[in-house]
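Overview (structure and organization)
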Amino acid sequence: MTTTMTIGDFSRATRLSAKALRFYHQVGLLEPVRVDASSGYRLYAPEQIADAQVIRTLRSLDVPVDHVREILAAPGVAERNAVIAAHLDRMEARLEETRAAVSSLRGLLETPAETPVVRYRSVPPTPVVLVRETIDLSELGDWYTAATRELSEVVERAGIEAAGPRGGLWETALFLDERGDAALYVPVHDLGEAVALTGRARAETLQAVDLAVATHRGRDATVPQVYGALGAHVARHELGIEGPVRETYLQYEAAGSEAVTEIGWPIFRTVR
(Lines give C-alpha, C1' and ligand atoms only; values in the text may rest on other atoms or scores of the structure.)
Protein backbone atom coordinates (compact mmCIF):
# COMPACT_ATOMS: atom_id res chain seq x y z
CA MET A 1 0.00 0.00 0.00
CA THR A 2 1.25 3.45 -0.89
CA THR A 3 2.26 5.55 2.11
CA THR A 4 0.24 8.74 2.24
CA MET A 5 0.33 11.99 4.18
CA THR A 6 -2.56 14.10 5.34
CA ILE A 7 -2.79 17.56 3.86
CA GLY A 8 -1.78 18.96 7.25
CA ASP A 9 1.40 16.89 7.43
CA PHE A 10 2.17 17.58 3.78
CA SER A 11 1.69 21.30 4.36
CA ARG A 12 4.01 21.16 7.36
CA ALA A 13 6.66 19.30 5.33
CA THR A 14 6.51 21.58 2.29
CA ARG A 15 5.49 24.92 3.84
CA LEU A 16 2.68 25.19 1.33
CA SER A 17 -0.66 26.30 2.74
CA ALA A 18 -3.86 24.35 2.23
CA LYS A 19 -5.06 27.18 -0.01
CA ALA A 20 -1.93 26.89 -2.18
CA LEU A 21 -2.22 23.09 -2.33
CA ARG A 22 -5.85 23.33 -3.40
CA PHE A 23 -4.89 25.83 -6.11
CA TYR A 24 -2.03 23.67 -7.44
CA HIS A 25 -4.42 20.72 -7.51
CA GLN A 26 -7.00 22.71 -9.49
CA VAL A 27 -4.46 23.82 -12.11
CA GLY A 28 -2.99 20.33 -12.39
CA LEU A 29 0.41 21.28 -11.06
CA LEU A 30 0.48 19.10 -7.92
CA GLU A 31 -2.30 16.55 -7.71
CA PRO A 32 -2.81 14.50 -4.54
CA VAL A 33 -2.38 10.74 -4.88
CA ARG A 34 -5.88 10.21 -3.52
CA VAL A 35 -8.95 12.31 -2.80
CA ASP A 36 -11.67 10.92 -0.55
CA ALA A 37 -14.82 10.75 -2.64
CA SER A 38 -17.17 11.65 0.21
CA SER A 39 -15.19 14.25 2.15
CA GLY A 40 -12.93 15.63 -0.59
CA TYR A 41 -9.99 15.16 1.79
CA ARG A 42 -6.65 15.21 -0.01
CA LEU A 43 -3.83 12.76 0.63
CA TYR A 44 -0.28 13.16 -0.67
CA ALA A 45 2.70 10.83 -1.08
CA PRO A 46 6.10 11.53 0.54
CA GLU A 47 7.63 11.30 -2.94
CA GLN A 48 5.73 14.49 -3.89
CA ILE A 49 7.57 16.59 -1.32
CA ALA A 50 10.51 17.31 -3.65
CA ASP A 51 8.22 18.60 -6.44
CA ALA A 52 6.24 20.65 -3.92
CA GLN A 53 9.43 22.32 -2.66
CA VAL A 54 10.49 23.10 -6.23
CA ILE A 55 7.06 24.60 -6.90
CA ARG A 56 7.19 26.74 -3.74
CA THR A 57 10.66 28.06 -4.59
CA LEU A 58 9.79 28.85 -8.20
CA ARG A 59 6.56 30.58 -7.27
CA SER A 60 8.44 32.68 -4.71
CA LEU A 61 10.44 33.93 -7.71
CA ASP A 62 7.19 34.83 -9.52
CA VAL A 63 7.60 32.05 -12.07
CA PRO A 64 4.21 31.72 -13.82
CA VAL A 65 2.30 28.48 -13.29
CA ASP A 66 2.68 27.45 -16.94
CA HIS A 67 6.45 27.85 -16.69
CA VAL A 68 6.54 25.86 -13.45
CA ARG A 69 4.64 23.09 -15.24
CA GLU A 70 7.16 23.24 -18.09
CA ILE A 71 10.07 22.98 -15.63
CA LEU A 72 8.58 19.99 -13.83
CA ALA A 73 7.89 18.26 -17.16
CA ALA A 74 11.40 18.86 -18.52
CA PRO A 75 13.00 15.52 -19.50
CA GLY A 76 16.40 16.29 -17.99
CA VAL A 77 18.44 18.63 -15.83
CA ALA A 78 19.79 20.61 -18.79
CA GLU A 79 16.31 21.29 -20.18
CA ARG A 80 15.00 22.21 -16.73
CA ASN A 81 17.91 24.59 -16.13
CA ALA A 82 17.38 26.25 -19.52
CA VAL A 83 13.75 27.09 -18.64
CA ILE A 84 14.80 28.44 -15.23
CA ALA A 85 17.64 30.50 -16.74
CA ALA A 86 15.25 32.07 -19.25
CA HIS A 87 12.95 33.15 -16.43
CA LEU A 88 15.86 34.56 -14.41
CA ASP A 89 16.87 36.63 -17.44
CA ARG A 90 13.34 38.02 -17.62
CA MET A 91 13.43 38.80 -13.89
CA GLU A 92 16.74 40.65 -14.24
CA ALA A 93 15.36 42.71 -17.12
CA ARG A 94 12.25 43.53 -15.06
CA LEU A 95 14.48 44.51 -12.12
CA GLU A 96 16.40 46.94 -14.32
CA GLU A 97 13.10 48.43 -15.52
CA THR A 98 11.98 48.79 -11.91
CA ARG A 99 15.23 50.49 -10.92
CA ALA A 100 14.89 52.91 -13.82
CA ALA A 101 11.29 53.68 -12.86
CA VAL A 102 12.27 54.27 -9.21
CA SER A 103 15.12 56.54 -10.28
CA SER A 104 12.79 58.50 -12.55
CA LEU A 105 10.19 58.88 -9.80
CA ARG A 106 12.80 60.05 -7.30
CA GLY A 107 14.00 62.58 -9.83
CA LEU A 108 10.48 63.91 -10.24
CA LEU A 109 9.87 64.09 -6.48
CA GLU A 110 13.25 65.31 -5.24
CA THR A 111 14.72 67.35 -8.07
CA PRO A 112 13.03 70.59 -9.10
CA ALA A 113 12.24 70.39 -12.80
CA GLU A 114 14.45 72.73 -14.78
CA THR A 115 12.92 74.41 -17.81
CA PRO A 116 15.13 73.42 -20.74
CA VAL A 117 16.20 75.97 -23.30
CA VAL A 118 14.17 75.38 -26.46
CA ARG A 119 15.80 76.16 -29.79
CA TYR A 120 14.52 75.84 -33.32
CA ARG A 121 16.07 73.97 -36.18
CA SER A 122 15.15 73.48 -39.82
CA VAL A 123 16.52 70.10 -40.86
CA PRO A 124 16.99 69.59 -44.63
CA PRO A 125 16.35 66.26 -46.38
CA THR A 126 18.90 63.90 -44.84
CA PRO A 127 20.35 60.75 -46.45
CA VAL A 128 20.71 58.04 -43.83
CA VAL A 129 21.38 54.38 -43.24
CA LEU A 130 18.75 53.13 -40.82
CA VAL A 131 17.13 50.20 -39.10
CA ARG A 132 13.37 50.65 -38.99
CA GLU A 133 10.75 48.33 -37.52
CA THR A 134 7.24 48.32 -36.08
CA ILE A 135 7.52 47.25 -32.44
CA ASP A 136 5.58 47.09 -29.19
CA LEU A 137 6.46 49.74 -26.62
CA SER A 138 7.45 47.00 -24.16
CA GLU A 139 10.14 45.89 -26.63
CA LEU A 140 11.72 49.33 -26.97
CA GLY A 141 14.70 48.85 -24.66
CA ASP A 142 15.78 45.50 -26.10
CA TRP A 143 15.08 46.66 -29.64
CA TYR A 144 17.16 49.81 -29.18
CA THR A 145 20.14 47.81 -27.91
CA ALA A 146 19.96 45.25 -30.73
CA ALA A 147 19.37 47.84 -33.47
CA THR A 148 22.26 50.00 -32.22
CA ARG A 149 24.61 47.04 -32.35
CA GLU A 150 23.40 45.98 -35.80
CA LEU A 151 23.67 49.49 -37.21
CA SER A 152 27.23 49.86 -35.90
CA GLU A 153 28.28 46.55 -37.44
CA VAL A 154 26.67 47.32 -40.82
CA VAL A 155 28.20 50.80 -41.11
CA GLU A 156 31.65 49.53 -40.14
CA ARG A 157 31.46 46.53 -42.46
CA ALA A 158 30.34 48.69 -45.40
CA GLY A 159 33.02 51.31 -44.70
CA ILE A 160 30.45 54.13 -44.59
CA GLU A 161 31.55 57.50 -43.22
CA ALA A 162 28.99 59.07 -40.91
CA ALA A 163 27.99 62.65 -41.72
CA GLY A 164 26.89 63.40 -38.15
CA PRO A 165 25.78 61.86 -34.86
CA ARG A 166 23.33 59.01 -34.74
CA GLY A 167 19.65 59.61 -34.30
CA GLY A 168 16.35 57.94 -33.53
CA LEU A 169 12.81 58.35 -34.84
CA TRP A 170 9.87 57.49 -32.58
CA GLU A 171 6.38 57.49 -34.07
CA THR A 172 3.54 58.90 -31.93
CA ALA A 173 1.62 55.60 -32.22
CA LEU A 174 4.45 53.84 -30.37
CA PHE A 175 3.45 55.74 -27.23
CA LEU A 176 -0.23 56.37 -27.94
CA ASP A 177 -1.14 52.82 -29.01
CA GLU A 178 1.87 51.02 -27.46
CA ARG A 179 2.82 49.84 -30.96
CA GLY A 180 4.38 51.85 -33.77
CA ASP A 181 7.42 52.54 -35.92
CA ALA A 182 10.86 52.96 -34.39
CA ALA A 183 14.06 53.72 -36.27
CA LEU A 184 17.73 54.31 -35.54
CA TYR A 185 19.84 55.97 -38.19
CA VAL A 186 23.27 57.24 -39.15
CA PRO A 187 23.44 60.31 -41.45
CA VAL A 188 25.65 59.74 -44.49
CA HIS A 189 27.17 62.04 -47.11
CA ASP A 190 25.92 60.09 -50.12
CA LEU A 191 23.45 57.23 -50.41
CA GLY A 192 25.68 55.88 -53.16
CA GLU A 193 28.00 54.72 -50.39
CA ALA A 194 25.29 52.46 -48.95
CA VAL A 195 25.62 49.66 -51.48
CA ALA A 196 26.71 46.82 -49.19
CA LEU A 197 23.99 46.91 -46.57
CA THR A 198 22.96 43.69 -44.85
CA GLY A 199 20.31 42.55 -42.39
CA ARG A 200 17.62 45.08 -41.56
CA ALA A 201 19.68 48.12 -42.60
CA ARG A 202 18.27 50.29 -45.39
CA ALA A 203 19.24 53.50 -47.18
CA GLU A 204 16.65 56.29 -47.09
CA THR A 205 16.36 60.04 -47.28
CA LEU A 206 14.55 61.52 -44.29
CA GLN A 207 12.20 64.31 -45.25
CA ALA A 208 12.89 67.91 -44.26
CA VAL A 209 11.34 69.00 -40.98
CA ASP A 210 11.18 71.96 -38.61
CA LEU A 211 11.88 71.05 -35.01
CA ALA A 212 11.61 72.56 -31.55
CA VAL A 213 14.69 71.16 -29.83
CA ALA A 214 15.54 70.66 -26.15
CA THR A 215 18.67 68.98 -24.81
CA HIS A 216 18.73 66.29 -22.16
CA ARG A 217 21.88 65.71 -20.12
CA GLY A 218 22.26 62.89 -17.65
CA ARG A 219 20.69 59.53 -16.95
CA ASP A 220 18.01 57.92 -19.10
CA ALA A 221 15.67 58.00 -16.11
CA THR A 222 15.36 61.81 -16.39
CA VAL A 223 14.58 61.88 -20.12
CA PRO A 224 10.77 62.01 -19.49
CA GLN A 225 11.19 65.34 -17.68
CA VAL A 226 12.67 66.95 -20.79
CA TYR A 227 10.01 65.37 -23.00
CA GLY A 228 7.33 66.79 -20.73
CA ALA A 229 8.82 70.27 -20.68
CA LEU A 230 9.31 70.31 -24.46
CA GLY A 231 5.79 69.07 -25.11
CA ALA A 232 4.36 71.74 -22.82
CA HIS A 233 6.41 74.45 -24.58
CA VAL A 234 5.16 73.37 -28.01
CA ALA A 235 1.56 73.26 -26.78
CA ARG A 236 1.82 76.81 -25.43
CA HIS A 237 3.92 78.51 -28.10
CA GLU A 238 3.99 76.48 -31.32
CA LEU A 239 1.87 74.41 -33.66
CA GLY A 240 2.87 70.78 -33.38
CA ILE A 241 2.45 68.57 -36.43
CA GLU A 242 2.22 64.85 -37.12
CA GLY A 243 5.55 63.16 -37.45
CA PRO A 244 8.01 61.20 -35.37
CA VAL A 245 10.03 62.75 -32.58
CA ARG A 246 13.70 62.91 -33.60
CA GLU A 247 16.41 62.20 -31.08
CA THR A 248 20.04 63.02 -31.80
CA TYR A 249 22.64 61.27 -29.65
CA LEU A 250 25.47 63.76 -29.17
CA GLN A 251 27.18 61.78 -26.42
CA TYR A 252 26.63 58.35 -24.91
CA GLU A 253 26.87 57.73 -21.18
CA ALA A 254 30.22 56.32 -20.13
CA ALA A 255 32.54 56.31 -17.14
CA GLY A 256 33.14 59.94 -16.19
CA SER A 257 30.72 61.38 -18.76
CA GLU A 258 26.97 61.85 -19.03
CA ALA A 259 24.66 61.14 -21.94
CA VAL A 260 23.69 64.14 -24.06
CA THR A 261 20.62 63.81 -26.29
CA GLU A 262 18.79 66.41 -28.37
CA ILE A 263 15.03 65.84 -28.55
CA GLY A 264 13.35 67.33 -31.60
CA TRP A 265 9.57 67.89 -31.67
CA PRO A 266 8.11 68.43 -35.19
CA ILE A 267 6.37 71.79 -35.56
CA PHE A 268 4.89 74.03 -38.26
CA ARG A 269 6.79 77.29 -38.59
CA THR A 270 5.78 80.32 -40.59
CA VAL A 271 8.76 82.46 -39.52
CA ARG A 272 12.32 81.24 -39.96
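Refer to the structure presented above.
To start, this report covers the structure provided alongside it. (Residues numbered from 1 in each chain as written. Predicted model: local features only at pLDDT ≥ 70, side-chain atom pairs only at ≥ 80, totals over all residues. Heavy atoms only, no water.)

Helix and strand content of the protein chain: eight helices and twelve strands. The C-alpha radius of gyration of the protein chain comes to 27 Å, more than 25% above the 19 Å expected for a compact globule of 272 residues. Taken along its principal axes, the extent of the C-alpha atoms in the protein chain is 90 × 45 × 40 Å. The buried share among the 272 residues of the protein chain stands at 35%. Across the protein chain, the fraction of contacts at a sequence separation of at least 24, relative to all contacts at a separation of at least 6, is 69%. Of the accessible surface of the protein chain, which amounts to about 16,200 Å², a share of 53% is contributed by carbon and sulfur atoms. Within the protein chain, the 38 negative side-chain charges are centred at a point lying 6 Å from the centre of the 29 positive side-chain charges. (Helix = DSSP H or I, 4+ residues; strand = E, 2+ residues; numbered from the N terminus. Rg over C-alpha atoms; globule rule 2.2 N^0.38 Å. Buried < 20%, exposed > 50% of the residue type's maximum accessible area, 1.4 Å probe, protein only. Contact = heavy atoms within 4.5 Å. Areas by Shrake-Rupley, 256 points an atom, 1.4 Å probe, with all protein chains shown as cover. Lys, Arg positive; Asp, Glu negative; His and termini not counted. Charge placed at Lys NZ, Arg CZ, Asp CG, Glu CD.)

What follows concerns unusual backbone geometry. One non-glycine residue, Asp62, lies in the positive phi region at around 65°. Among the structural elements, Asp62 can be located in the loop between α3 (49-60) and α4 (65-73). In this model, Glu178 sits at a positive phi of 65°, which is unusual for a non-glycine residue. Structurally, Glu178 is set in the loop between α7 (172-176) and β7 (179-187).

This paragraph deals with the sheet that holds strand β2 (residues 34-35). Sheet strands associate in pairs through backbone hydrogen bonding, adopting either a parallel or an antiparallel arrangement. The strand order β1-β3-β2 describes an open sheet built from three strands, whose pairing is antiparallel. Whereas interior strands pair on both sides, the edge strands pair on one side only; in this sheet they are β1 (5-6) and β2. Strand direction decides the pairing type here: β2 and strand β3 (residues 42-44), joined by two bridges, are antiparallel. Its bridge partner lying in β3, Val35 is registered against Arg42. (Pairing = 2+ DSSP bridges.)

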